[in-house]
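Residue-level structural notes
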Amino acid sequence: MESKEFETLGIILAIKNHGDNDGVIKVLTQKGLFFLFARGIQKPNSKNKLNIPLLGLVNLEIIKPKIMGKIATLKRATLISFFPINPLLQDIFKNVNHFLNFMNNNNLDKLIETYKLFLNNVEEKPNHSYSLILLSFLEQLGHRPNFKSCVECINVDNIIDFEFYKGGFICNLHSSSKKEINFLKSVFWLNKDFNFYKNNIDEKQAIKINLMIVEFLSSLI
C-alpha cells in the first residue's frame, strides 16, 4: 500500500496567508517547486511557523492530497539552517530568492546540497558564498562554464580571458580581451575548491564574479 506521507528537504520561497489561520507555502525541493497547505500557520502558538523562515532549509513531513491535482498538506517542519537576519545581506537575500524561483526541474539534489553550504558560510563570507550559489544556478540552467580549457578550441595554453556568457575560459587565439591573472585564478578556484576560494581569494574578485554571473543569469530568465 502506498504511503500517504513522505519527507523531503525544501527551501522556503514564500508564505501566503489563507483565511484567518492557515497559509500556503511555496517551497523548492529536490524534485522542483511545490505548494503546501499549512494548517494553523498564522496562529501564535504554531510550532511549524517558527521552522519555516523565508530561504530557510527545512525538512518537511508532507501528507499527500487525497484528490489528484490538489495541493499536499504540511504535517511538520523542522528547520535545518536559516538565512541570517542581517541588513547587509538583503541584496543577496533578494537575488537568491528571485533566482531560486526559476530552478524548477526534478533533479535538484546537488543544488540543495550547495545551498546548505551557502547558508553555512553566507554570514561570514557573503560575497564568496554568493559566488558559490550563483554558479550552481547557472549549472541548473544548463550553462556550466568550461573551467578546463578554451571554449572555442579546447586549448589549455595561453588562456587570457573568461566570460560566463561565452561559456568559460578563452585563449589568446579567440579573444582580444585580456583579464588580469588574479581574476582568472579566482574563477578557477571557485569551481575547483570552495574552501580555498573563500579563504584565499580577494573579495573584490568575488564581487566582480558575482556581477558577471548575475548579469548572465538575468539574461537567461
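Please read all numbers here as calculations on a predicted model, not as lab measurements.

**Points about the UniProt feature "domain: DNA replication/recombination mediator RecO N-terminal" (unreviewed entry) in the protein chain**
Per the UniProt annotation, the sites labelled "domain: DNA replication/recombination mediator RecO N-terminal" (unreviewed entry) are residues 5-82. The distance separating the terminal C-alpha atoms of residues 5-82 is 25 Å; by composition the span is 0% helix and 59% strand.

**Brief notes about the sheet that holds strand E3 (residues 32-38)**
What the five strands build is a closed barrel, ordered E1-E2-E3-E5-E4; its pairing is mixed. In this sheet, neighbouring strand axes are inclined to one another by 50 degrees on average, regardless of whether the strands run parallel or antiparallel. Taken together, the seven bridges between strand E2 (residues 22-29) and E3 define a ladder with antiparallel strand orientation. For Val27, the partnering residue across the bridge sits in E3 and is Phe34. Its contacts with the sheet put helix H2 (residues 109-121) on strand E1 (5-18), E2, strand E4 (57-63) and strand E5 (72-81), and the angle it makes with E4 is roughly 135 degrees.

**What to know about helix H4 (residues 181-192)**
Taking 1.5 Å of rise per residue, twelve residues should cover 16 Å, and H4 covers 16 Å from first to last C-alpha, within 8% of that figure. Looking only at H4, the buried set comprises Phe183, Leu184, Ser186, Val187 and Leu190. Down the axis of H4, the buried side of the element spans an arc of 155 degrees, and every buried residue falls inside it. Along H4, exposed side chains directed more than 90 degrees from the buried face belong to Ile181 and Lys192. Looking at the buried positions of H4, the neighbouring elements they touch are helix H3 (126-140), strand E6 (159-163), strand E7 (168-171), helix H5 (194-200) and helix H6 (203-220).

**Points about the nonpolar core**
The nonpolar side chains of a soluble globular protein tend to be buried, and buried together. Ranked by internal contacts, the top residues of the largest apolar core, which has 46 residues, are Val96, Leu100, Tyr115 and Phe137. Broken down by secondary-structure element, the contributors of at least two residues to this core are E1, helix H1 (90-100), H2, H3, H4, H5 and H6. What Phe137 contacts, discounting residues up to four positions off in sequence, is Val96, Phe99, Leu100, Met103, Leu111 and Leu217. Formed by 13 residues, the second largest nonpolar core is a distinct cluster that contains Ile12, Val27, Ile41 and Ala72.

**Brief notes about the side chain of Lys26**
Here Lys26 lies in strand E2. Those residues within four positions of Lys26 in sequence are excluded, and the remaining contacts are Ile11, Ile12, Leu13, Ala14, Leu33, Phe34, Phe35 and Asn101.

**Topic: the packing of H1 against H2**
At a minimum axis distance of 14 Å, the contact between H1 and H2 shows a crossing angle of 175 degrees. Classified by the interaxial angle, the pair formed by H1 and H2 is roughly antiparallel. Every residue of H2 that contacts H1 at Ile92, Val96 and Leu100 is listed here: Leu111, Tyr115 and Phe118. Within the contact of H1 with H2, the residues separate by chemical class into six nonpolar, no polar and no charged.

**Points about the pattern of salt bridges**
Pairing between side chains becomes possible if they bear opposite charge and their charged atoms approach one another. All chains considered together, the criterion is met by seven salt bridges. Notably, a salt bridge pairs Arg76 with Glu61, separated by 2.8 Å at the nearest N-O pair. With Arg76 in strand E5 and Glu61 in strand E4, this residue pair connects regions lying 15 residues apart in the sequence. Look at Arg76 and you get partly exposed, because its relative accessible area is 41%. Overall, the relative accessible area of 15% leaves Glu61 in the buried class. The residue Arg144 makes a salt bridge to Glu139 at a minimum N-O spacing of 2.3 Å.

Basis of the calculations
Residues numbered from 1 in each chain as written. Predicted model: local features only at pLDDT ≥ 70, side-chain atom pairs only at ≥ 80, totals over all residues. Heavy atoms only, no water. UniProt positions renumbered as here; feature names shortened; annotations may be inferred. Helix = DSSP H or I, 4+ residues; strand = E, 2+ residues; numbered from the N terminus. Pairing = 2+ DSSP bridges. Axes fitted to C-alpha atoms, helices over the stretch in contact; angles between N-to-C directions. Contact = heavy atoms within 4.5 Å. Expected span 1.5 Å × (residues − 1). Buried < 20%, exposed > 50% of the residue type's maximum accessible area, 1.4 Å probe, protein only. Arc of directions from axis to C-beta. Core = buried A, V, L, I, M, F, W, Y, C linked by side-chain atoms within 4.5 Å. Parallel < 35°, antiparallel > 145°, perpendicular 65-115°, else oblique. Nonpolar A, V, L, I, M, F, W, Y, C, P; charged D, E, K, R; others polar. Salt bridge = Lys/Arg side-chain N within 4 Å of Asp/Glu carboxyl O.

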